[in-house]
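As a plain string of letters, each chain reads:
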Amino acid sequence: MKLEGIHHITAITGDAPGNVDFYARVLGLRLIKKTVNQDDPTVYHLFYGDEEGAPGNDLTFFEYPGVARGRAGAGMVHRVVWRVASPDAIEFWARRLGDEGIEARHEDGTLIFADPEGLEHELAVTDVADAPLIAHAAGVPDELALQGFDAVRALTADPEASRPLLEDALAFEPRSPREFEARGSHRGGRIVYDVTDRRGVGGAGTVHHVAWATDADEQERWRERALAAGAHATPVIDRFYFRSVYFREPSGVLFELATLGPGFTTDEPLESLGERLSLPPDYEPMRERLEQTLTPLPETRGWRRAGEPSGAP
Ligand code: ZN
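Before going into details, it helps to say that this report is about the structure given with it. Remember, it's a predicted structure, so these values are computed and weren't measured experimentally.

### Some points on the overall build of the chain
For step 1, the next point in the chain: Across its full length, the chain holds five helices and 17 strands.
For step 2, the next point in the chain: For the chain, whose C-alpha radius of gyration is 18 Å, the value lies close to the compact-globule estimate of 20 Å for 313 residues.
For step 3, the next point in the chain: Here the chain, with 313 residues, has 55% of them falling under the buried criterion.
For step 4, the next point in the chain: The long-range fraction of contacts in the chain, counting pairs at least 24 apart against all pairs at least 6 apart in sequence, stands at 71%.
For step 5, the next point in the chain: Roughly 13100 Å² of accessible area belongs to the chain as shown, and the carbon and sulfur atoms make up 49% of that amount.
For step 6, the next point in the chain: Looking at the chain, you have 33 positive and 53 negative side-chain charges, and the mean spots of the two groups are 2 Å apart.

### Section: the nonpolar core
For step 1, the next point in the chain: Ranked by size, the top nonpolar core spans 70 residues in total, and within it L170, I191, W212, F247 and F255 carry the most contacts.
For step 2, the next point in the chain: A per-element tally of this core places helix 1 (residues 16–26) first, with six residues.
For step 3, the next point in the chain: By size, the runner-up hydrophobic cluster in this structure holds eight residues, among which are I32, F47, A258 and F264.

### Some words on the environment of T259
For step 1, the next point in the chain: As for its placement among the helices and strands, T259 is situated in strand 16 (residues 254–262).
For step 2, the next point in the chain: We classify T259 as buried; its relative accessible area is 0%.
For step 3, the next point in the chain: Dropping the residues within four chain positions of it, T259 is found in contact with H7, T214, A216, Q219, F242 and R243.
For step 4, the next point in the chain: Within polar-contact distance, the side chain of T259 engages the backbone nitrogen of R243 at 2.8 Å.
For step 5, the next point in the chain: Within the structure, T259 has its side chain in polar contact with the backbone oxygen of G261 (distance 2.7 Å).

### So, the coordination of the zinc ion
For step 1, the next point in the chain: The zinc ion binds to the protein through H8 (NE2), H209 (NE2) and E256 (OE); the donor distances cover 2.0 Å.
For step 2, the next point in the chain: Binding-site remark: the zinc ion is held by donors from one chain whose sequence spacing is H-x200-H-x46-E. Remark: H209 occurs in strand 13 (residues 207–214) and H8 occurs in strand 1 (residues 6–13); sequence separation between them is 201 residues.
For step 3, the next point in the chain: Note on H8: relative accessible area 2%, which makes it buried.

### What about the pairing of strand 3 (residues 40–49)?
In the case of a regular strand, side chains alternate between the two sheet surfaces.
For step 1, the next point in the chain: Of all 10 residues making up strand 3, eight are buried, and the element is well covered by its neighbours.
For step 2, the next point in the chain: With seven bridges connecting them, strand 2 (residues 30–37) and strand 3 associate as antiparallel partners. When the bridges of strand 3 are listed, L31 appears paired with Y48.
For step 3, the next point in the chain: Adjacent in sequence and paired antiparallel, strand 2 and strand 3 are bridged by two residues.
For step 4, the next point in the chain: Sheet topology places strand 3 next to strand 4 (residues 58–63); five bridges connect them, and they run antiparallel. Within strand 4, the residue paired with Y48 across the bridge is L59.

### Topic: the sheet that holds strand 11 (residues 179–183)
For step 1, the next point in the chain: With mixed pairing, eight strands are arranged side by side in an open sheet as 6-7-8-5-9-12-11-10. Edge strands, defined here as strands with exactly one partner in the open sheet, are strand 6 (104–107) and strand 10 (173–176). Across the sheet, the mean angle from the axis of one strand to that of its neighbour is 25°, orientation sign disregarded.
For step 2, the next point in the chain: In this sheet, strand 12 (residues 188–195) lies alongside strand 11 in antiparallel orientation, the contact comprising five bridges. In the strand pairing of strand 12, E179 is matched with V192.

### As for the pairing of strand 12
For step 1, the next point in the chain: Strand 12 sits mainly inside the fold: seven of its eight residues count as buried.
For step 2, the next point in the chain: For strand 9 (residues 149–156) and strand 12, the ladder comprises six bridges, and the chain directions are parallel. Bridge pairing links V152 to I191 in strand 12.
For step 3, the next point in the chain: In sequence, strand 11 turns back onto strand 12 through a hairpin of four residues.

### Observations regarding the environment of N57
For step 1, the next point in the chain: Here N57 is to be found in the loop between strand 3 and strand 4.
For step 2, the next point in the chain: In sequence terms N57 and A157 are 100 residues apart; their C-alpha atoms lie 28 Å from each other.
For step 3, the next point in the chain: Discounting chain neighbours no more than four positions away, the residues touching N57 are H7, L29, Y48, G49, D50, W82, L133, L146, Q147, G148 and F149.
For step 4, the next point in the chain: Polar contacts involving the side chain of N57 include one to the main-chain carbonyl oxygen of L133, which spans 2.9 Å.

### Structural notes on helix 1
For step 1, the next point in the chain: Within helix 1 the residues assigned to the buried category are A16, N19, V20, F22, Y23, A24 and V26.
For step 2, the next point in the chain: Packing partners of the buried residues in helix 1 comprise strand 1, strand 3, strand 4, helix 2 (87–99), strand 7 (110–114) and strand 8 (120–125).
For step 3, the next point in the chain: Between a side-chain oxygen at the N-terminus of helix 1 and the backbone nitrogen of G18 the separation is 3.0 Å; the capping residue is D15.
For step 4, the next point in the chain: Just downstream of helix 1, G28 is the residue with a positive phi angle, here 75°.

The rules behind these values
Note that residues are indexed from 1 along each chain, following the sequence as it is written. Side-chain atom pairs in this predicted model are given and counted only at pLDDT of 80 or more, local residue features only at pLDDT of at least 70, and totals for whole chains, interfaces and linings cover all residues. Each side-chain value is worked out from all heavy atoms of the structure, with water and hydrogens disregarded. Labels follow the DSSP assignment, with helices taken as runs of H or I lasting at least four residues and strands as runs of E lasting at least two, numbered in each case from the N terminus. Each radius of gyration reported is based on C-alpha atoms, and the globular scaling rule is 2.2 Å times the count of residues to the power 0.38. The cut-offs for exposure are 20% and 50% of the maximum accessible area for each residue type, with area from a 1.4 Å probe on protein chains only; residues under the lower value are buried, those over the upper are exposed, and the others partly exposed. Two residues qualify as a contact provided that any one of their heavy atoms is within 4.5 Å of a heavy atom in the partner residue. Note on areas: Shrake-Rupley, 1.4 Å probe, and residue coverage restricted to the protein chains presented here. By the counting scheme adopted, Arg and Lys are positive, Glu and Asp are negative, and His together with the chain ends is not counted. Just so you know, the charge point we use is NZ for Lys, CZ for Arg, CG for Asp and CD for Glu. In plain words, nonpolar cores are sets of buried Ala, Val, Leu, Ile, Met, Phe, Trp, Tyr and Cys residues tied together by side-chain atoms within 4.5 Å. Under the rule applied, a polar contact is a pair of N or O atoms within 3.5 Å (in protein, one hydrogen donor and one hydrogen acceptor; residues adjacent in sequence only if both atoms are side-chain atoms). Nitrogen, oxygen and sulfur within 2.8 Å of a metal are treated as its donors, or within 3.2 Å for sodium, potassium and calcium (Na, K, Ca); water is not counted, so a site can appear incomplete. Strand pairing is assigned whenever DSSP identifies at least 2 bridges connecting the two strands. Helix axes are fitted to C-alpha atoms over the stretch in contact, other axes to C-alpha atoms as well, and angles between N-to-C directions run from 0 to 180 degrees.

And the structure:
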């Protein structure tokens with residue numbers, strides 16, 4: 001039994017329109033779901049991903065309108081690492097980000113930059129057989145597109161603290177002294193720890209949690225293993241597009257174990273994912289009011305490549 005890499009990563013934005021502009025237009029991801037926070041339907045939960053909304057390339061944001069910028073510290077993910085196909089892709093993104101006035105720096109063959117609220121990203125050329133998960137964006141040739149998550153980098157005060165839970169309970173494999181990989185039969189994803197004593201502050205541009213992918217019929221067993229290892233795992237929670245268990249790992253990073261299905265086509269067709277506001281059934285009676293009060297967002301259709309069939313690249 002192995003986890004299937006990173007399922008999704010959830011972060012915080014104080015500026016939903018700017019967030020859509022950056023991720024759907026500049027980075028060329030597909031806005032695959034426009035829904036509301038299940039605990040507060042007056043604000044968005046936005047999901048970006050590949051054409052099909054597959055686990056493994058799914059960056060999501062809780063909207064807290066106008067919230068101050070946070071700062072990553074011990075117990076928080078501070079960088080999202082994405083796969084790209086080639087050094088040409090690195091150069092393409094350096095130019096594209098530069099044209100947008102976004103500073104990007106080269107480091108050991110990778111490209112590091114931050115979104116407009118300070119969330120850090122790294123593009124890396126990787127040598128894995130995992131299927132590339134790409135979106136068809138205007139101005140981004142498929143061979144240069146982001147291909148999904150490779151890793152998260154997290155901050156910890158004690159890099160050894162997380163090892164027993166990761167290796168023994170969650171079956172991650174150690175890859176280097178502070179690096180662990182969850183590799184299943186289809187995909188792999190890593191967490192890499194960087195050491196700091198700095199305390200973090202939640203807010204815009206910070207990561208809320210990282211979710212690892214599990215087969216639905218293995219989720220309860222993973223939950224029991226996490227509990228047995230001392231983690232305070234929640235019961236299974238129905239998130240509508242997947243089912244989730246949450247707990248903090250010993251360094252303090254909030255982990256989620258999310259099921260691979262049912263996925264984002266459970267309430268709208270693949271062709272029009274993310275175009276209409278999706279509401280959980282309980283909030284459907286509030287639709288008219290919510291559509292009037294939620295922050296207006298840019299139209300993303302024009303940023304997608306017209307005439308392309310949806311589906312696998
Ligand atoms: Zn989540």
